[in-house]
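Residue strings, one per chain:
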Amino acid sequence: SAVISQKPSRDICQRGTSLTIQCQVDSQVTMMFWYRQQPGQSLTLIATANQGSEATYESGFVIDKFPISRPNLTFSTLTVSNMSPEDSSIYLCSVLWVTEAFFGQGTRLTVV
Amino acid sequence: TQLLEQSPQFLSIQEGENLTVYCNSSSVFSSLQWYRQEPGEGPVLLVTVVTGGEVKKLKRLTFQFGDARKDSSLHITAAQPGDTGLYLCASGGTSYGKLTFGQGTILTVHP
C-alpha cells in the first residue's frame, strides 16, 4: 500500500492570495493525481502530475490557476492561485499503487 | 471520458435495514471500483470488479458487476451506523490511476 501525507489539512485564505498544498508519498510512484471535491459530493480530476514533465490538466482546469510541481517521485505540490470564494473546496492528492488508488486526507480550503 | 451515473444520491435508513447503491454507464467498463469516504478522510478502496457477472462479498457488503459490464451494484445487509459515509463508484477505463467517479451516495445509518 501507499501512505500519503497531505498538508495543510485545512486553511482559510483571503481572496486574491495563493495557497500551496503539499503531498508526500512513502513510496516512489510514477503518476500523482490532484482532485477537487465539494463536501458530500464526488471527485473531479484536476490534473495528472508526472515527474520530469509538465502536468496534464483536465478540461476546465488551467496551469495558470493550478500550477503543479513534481520535483521527484515521492512529492508533489498543487497551488491554487488568485483565489476566489468559488475555489472553496476540498483538494485531494492520489497515487496509484498496483491497481488501487490511495488518497491523502484532503485539504479543506475556505476562501473569504 | 466515461460517465458514471450513480444512484441514489442520498440514503437515510435505520440500523438493520438493507440497501442497494447502483452505478451505471452507457459504455462498457474495463473494470469498476467502489470506494467509501468518511468525513475528513480520502476515499478508501472497498473492491475492484473486473469480470462480467462477478460477485464479490466483503462481510455484509455484496458487490455485483453486470454481465455486460455496464453496471454495478453495492448491497449492504443489516446496515450499521459504522457504514455511514460517502460511497463512490469509479472507473479507470484502460488506466486504473486516472479515475472517473460517480456522483456519490451519501449513506446515513441511524442507530
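So, a few notes on the structure that sits alongside this text. (Residues numbered from 1 in each chain as written. Chains lettered and ligands numbered in written order. Predicted model: local features only at pLDDT ≥ 70, side-chain atom pairs only at ≥ 80, totals over all residues. Heavy atoms only, no water.)

## Examining the overall build of chain B
Logical step 1: Check the secondary structure of chain B and you find 0 helices and 11 strands.
Logical step 2: Each helix (α) and strand (β) of chain B, taken in turn from the N terminus, gives the series β-β-β-β-β-β-β-β-β-β-β.
Logical step 3: For a compact globule of 111 residues, the expected C-alpha radius of gyration is about 13 Å, and chain B comes in at 13 Å, within 12% of that figure.
Logical step 4: Judged by the C-alpha coordinates and their principal axes, chain B covers about 40 × 30 × 20 Å.
Logical step 5: Within chain B, buried positions represent 45% of all 111 residues.
Logical step 6: Pairs at least 24 residues apart make up 54% of the contacts formed inside chain B by residues separated by at least 6 positions.
Logical step 7: Carbon and sulfur atoms provide 51% of the accessible area of chain B, an area that totals close to 5,300 Å².
Logical step 8: Of the side chains in chain B, 8 bear a positive and 9 a negative charge, and the two mean positions are spaced by 8 Å. (Helix = DSSP H or I, 4+ residues; strand = E, 2+ residues; numbered from the N terminus. Rg over C-alpha atoms; globule rule 2.2 N^0.38 Å. Buried < 20%, exposed > 50% of the residue type's maximum accessible area, 1.4 Å probe, protein only. Contact = heavy atoms within 4.5 Å. Areas by Shrake-Rupley, 256 points an atom, 1.4 Å probe, with all protein chains shown as cover. Lys, Arg positive; Asp, Glu negative; His and termini not counted. Charge placed at Lys NZ, Arg CZ, Asp CG, Glu CD.)

## Observations concerning the pairing of strand β7 (residues 68-72) of chain A
All names here are of chain A.
Logical step 1: Summarising the sheet, β7 and strand β8 (residues 75-80) pair through 3 bridges and their orientation is antiparallel. Bridge assignment links Ser69 to a residue of β8, and that residue is Thr77.
Logical step 2: Where β7 folds back on β8, the antiparallel hairpin that results is connected by 2 residues. (Pairing = 2+ DSSP bridges.)

## Re the sheet that holds strand β8 (residues 71-76) of chain B
Residue and element names in this part refer to chain B.
Logical step 1: Spatial strand order, β1-β3-β8-β7-β6: 5 strands in an open sheet with antiparallel pairing. Both outer strands of the open sheet, β1 (5-7) and β6 (55-58), are each paired with one neighbouring strand and no more. Strand-to-strand twist of the sheet, defined as the mean angle between neighbouring strand axes without regard to direction, takes the value 15°.
Logical step 2: Bridge count between β1 and strand β3 (residues 19-24): 3 bridges; the pairing is antiparallel. Looking at the pairing, Ser7 lines up with Tyr22 of β3. (Axes fitted to C-alpha atoms, helices over the stretch in contact; angles between N-to-C directions.)

## A look at the interface of chain B and chain A
Logical step 1: The interface is formed by 19 residues belonging to chain B together with 17 residues belonging to chain A.
Logical step 2: Carbon and sulfur atoms supply 59% of the area that chain B and chain A bury against each other, a total of about 1,500 Å² over both sides.
Logical step 3: Taken together, the connections running from chain B to chain A amount to 0 salt bridges.
Logical step 4: Applying the counting rule to chain B against chain A returns 4 residue pairs in polar contact (both at pLDDT 80 or more).
Logical step 5: Secondary-structure elements contributing two or more residues to the side of chain B that touches chain A are β4 (32-37) and β9 (85-91) of chain B.
Logical step 6: For the side of chain B that touches chain A, the element with the most residues is β4 of chain B, which contributes 3 residues.
Logical step 7: Its residues assigned to classes, the side of chain B that touches chain A shows 9 nonpolar, 8 polar and 2 charged. (Buried area = accessible area lost by both parts, 1.4 Å probe. Salt bridge = Lys/Arg side-chain N within 4 Å of Asp/Glu carboxyl O. Polar contact = N/O pair within 3.5 Å; in protein donor to acceptor, adjacent residues only side chain to side chain. Nonpolar A, V, L, I, M, F, W, Y, C, P; charged D, E, K, R; others polar.)

## Side note on the packing of aromatic side chains
Logical step 1: Enumeration over the complete set of coordinates arrives at 8 aromatic pairs over all chains.
Logical step 2: Note on Phe29 of chain B and Phe65 of chain B: the rings are 6.2 Å apart at their centroids and 35° apart in plane angle, and the pair reads as tilted. Separated by 36 residues along the polypeptide, Phe29 of chain B in the loop between β3 and β4 and Phe65 of chain B in strand β7 (residues 61-65) bring together distant segments of the chain.
Logical step 3: A relative accessible area of 0% places Phe29 of chain B in the buried class.
Logical step 4: Site record: aromatic cluster; members linked through ring pairs are Tyr35 and Phe103 of chain A together with Tyr35 and Phe101 of chain B. (Phe/Tyr/Trp six-rings, centres within 6.5 Å; stacked < 30°, edge-to-face > 60°.)

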